[in-house]
Amino acid sequence: MKVLGFESSCDETGVALVDVPEPGAQGVPTLLAQALHSQISMHQAYGGVVPELASRDHIRRVLPLTREVLAAAGVELADIGVIAYTQGPGLAGALLVGAGVAVSLAAALGKPTLGVHHLEGHLLSPFLSVDAPEFPFVALLVSGGHTQLMRVDDVGQYEILGETIDDAAGEAFDKSAKLLGLPYPGGPHLARLAEQGDPAAFALPRPLLHSGKPDFSFAGLKTAVLTQVKKLGEGPSDQQRADLAASTQAAIVEVLVKKSLLALKNTGLKRLVVAGGVGANSLLRQQLNTACAKRGVRVHYPELSLCTDNGAMIAMAAAMRLQRGMATLQPQGGGFEVRPRWALGSP
Ligand code: KG4
Ligand code: ZN
């Protein structure tokens with residue numbers, strides 16, 4: 001069966017088509033085609049996502065991207081079995097675009113729809129890579145809005161081991177990058193600038209590092225970066241900016257690595273899955289790989305291009321639920337709701 005998936009929770013419009021073996025049949029879902037439009041350049045002028053502009057752009061992009069995906073896969077609309085969409089969490093107006101298009105298309109085709117949790121999409125995105133993980137595993141979910149460590153026993157079986165009490169890791173990257181005068185979204189820019197810098201140049205805090213629990217706090221780090229930026233005054237040198245970027249990245253990565261190791265130790269699991277935008281960070285990947293290799297832990301990542309938001313992860317999460325017979329399909333023609341503040345694991 002073919003599952004069409006839409007992602008429109010924030011600043012990326014993603015559409016993808018996945019082929020799912022029938023429930024009970026062997027085999028894993030396969031990605032047939034996907035297309036993505038990033039709104040980053042549009043929001044850059046404002047230093048962050050402007051929700052109204054995001055919604056309007058999703059409206060402009062979603063149907064051309066859908067046509068592109070169907071053409072690339074050589075699949076007709078009539079061949080689609082289920083239409084999945086990101087139901088939450090995310091920006092309400094942006095979510096409504098994907099949900100509205102999914103539900104109307106499904107009504108026209110006489111097919112059911114399936115609302116998908118955005119974070120479940122991230123969490124299951126490594127199943128799209130050639131080196132797919134096996135359950136159970138510890139998941140480090142690090143996106144722009146979330147930082148969580150989870151025990152994952154199967155699709156839908158998630159136990160939160162710890163999470164941030166304030167800012168997310170991606171937010172720490174983005175806010176620090178902004179203070180350094182880098183464009184939105186700052187994470188990748190800060191990482192690039194950090195390559196020229198000395199990570200030991202500035203002593204920045206590692207909040208909750210020794211709390212003994214797999215929890216996080218990044219708000220203090222941003223304040224510490226602000227203090228250093230102020231101290232450097234009007235004209236910091238390129239080297240000073242690179243040093244501060246490297247020191248910031250080192251602080252965030254050290255905390256993420258230490259807490260992941262703690263969660264692995266506490267659960268006794270030997271498999272780690274890293275998902276979400278910050279999972280693209282190469283220092284994080286390097287340090288996790290080294291630390292986990294020493295402990296006999298296998299680490300899995302999504303493909304680099306699937307770390308940030310995309311439609312493939314939404315179609316894949318829907319496919320994995322369908323395959324296990326655990327999807328609550330909405331019949332065509334019904335109403336729909338989006339859930340901007342949906343917590344993973346809540347019904
Ligand atoms: O998962 P995602 O695309 O969106 C959310 O669901 O939030 O994550 C976006 C976040 C942003 O904060 C972005 O700066 C960060 O991921 N990010 C990175 C890198 N690439 C993306 N942070 C650090 N290093 C990177 N290479
Ligand atoms: Zn995301």
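To keep things clear, this report deals only with the structure shown in the data block. (Residues numbered from 1 in each chain as written. Chains lettered and ligands numbered in written order. Predicted model: local features only at pLDDT ≥ 70, side-chain atom pairs only at ≥ 80, totals over all residues. Heavy atoms only, no water.)

Looking at the zinc ion (ligand 2), the protein donor atoms are His118 (NE2), His122 (NE2) and Asp309 (OD), and they sit 2.0 to 2.1 Å from it. The coordination sphere of the zinc ion (ligand 2) comprises four donor atoms, whose angles at the metal cover 93 to 134°; the geometry is tetrahedral. (Donors = N, O, S within 2.8 Å, 3.2 Å for Na, K, Ca; no water. Tetrahedral: all angles 85-135°; square planar, octahedral: opposite > 155°, others 65-115°.)

What follows deals with the pattern of salt bridges. For the structure shown, the criterion picks out 14 salt bridges. With its nearest N and O atoms 3.1 Å apart, the salt bridge here joins Asp57 to Arg60. Of this pair, Asp57 and Arg60 both sit in helix H2 (residues 51–73), three residues apart, roughly one helical turn. By relative accessible area, Asp57 is classed as buried at 2%. One salt bridge in this structure joins Lys175 and Asp167, with 3.4 Å as the shortest N-O distance. The exposure class assigned to Asp167 is buried, which follows from its relative accessible area of 8%. Overlapping salt bridges, with partners in common, bring together Asp167, Glu171, Lys175 and Lys222 in one network. (Salt bridge = Lys/Arg side-chain N within 4 Å of Asp/Glu carboxyl O. Helix = DSSP H or I, 4+ residues; strand = E, 2+ residues; numbered from the N terminus. Buried < 20%, exposed > 50% of the residue type's maximum accessible area, 1.4 Å probe, protein only.)

Here the focus is the sheet that holds strand S9 (residues 271–275). Strand order in the open sheet made by the five strands is S8-S7-S6-S9-S10, with mixed pairing throughout. Of all the strands in the sheet, the pair left with one neighbour each is strand S8 (157–163) and strand S10 (298–300). In this sheet, neighbouring strand axes are inclined to one another by 25° on average, regardless of whether the strands run parallel or antiparallel. With four bridges connecting them, strand S6 (residues 137–142) and S9 associate as parallel partners. When the bridges of S9 are listed, Leu141 appears paired with Ala275. Contacts from helix H8 (residues 238–267) reach S6, strand S7 (147–154), S8 and S9, with the element oriented near 155° to S6. (Pairing = 2+ DSSP bridges. Axes fitted to C-alpha atoms, helices over the stretch in contact; angles between N-to-C directions. Contact = heavy atoms within 4.5 Å.)

In this section: unusual backbone geometry. Here the residue pair Gly88 and Pro89 is connected by a cis peptide bond, since its omega of -10° sits within 30 degrees of zero. Note on placement: Pro89 falls in the loop between strand S4 (80–88) and helix H3 (92–109). For the bond running from Phe135 to Pro136, omega is -5°, close enough to zero to count as cis. Mapping Pro136 onto the fold places it in the loop between helix H4 (118–124) and S6. Positioned with a positive phi, Leu208 is a non-glycine residue whose angle comes to about 60°. On the basis of relative accessible area, Leu208 is assigned to the partly exposed category, the value being 31%.

What follows concerns H8. An α-helix turns once per 3.6 residues; consequently, residues spaced three or four apart project the same way. The end-to-end C-alpha separation of H8 is 44 Å, in line with the 44 Å expected for 30 residues at 1.5 Å each. Looking one or two residues beyond H8, the residue adopting positive phi is Gly268, at roughly 75°. (Expected span 1.5 Å × (residues − 1).)

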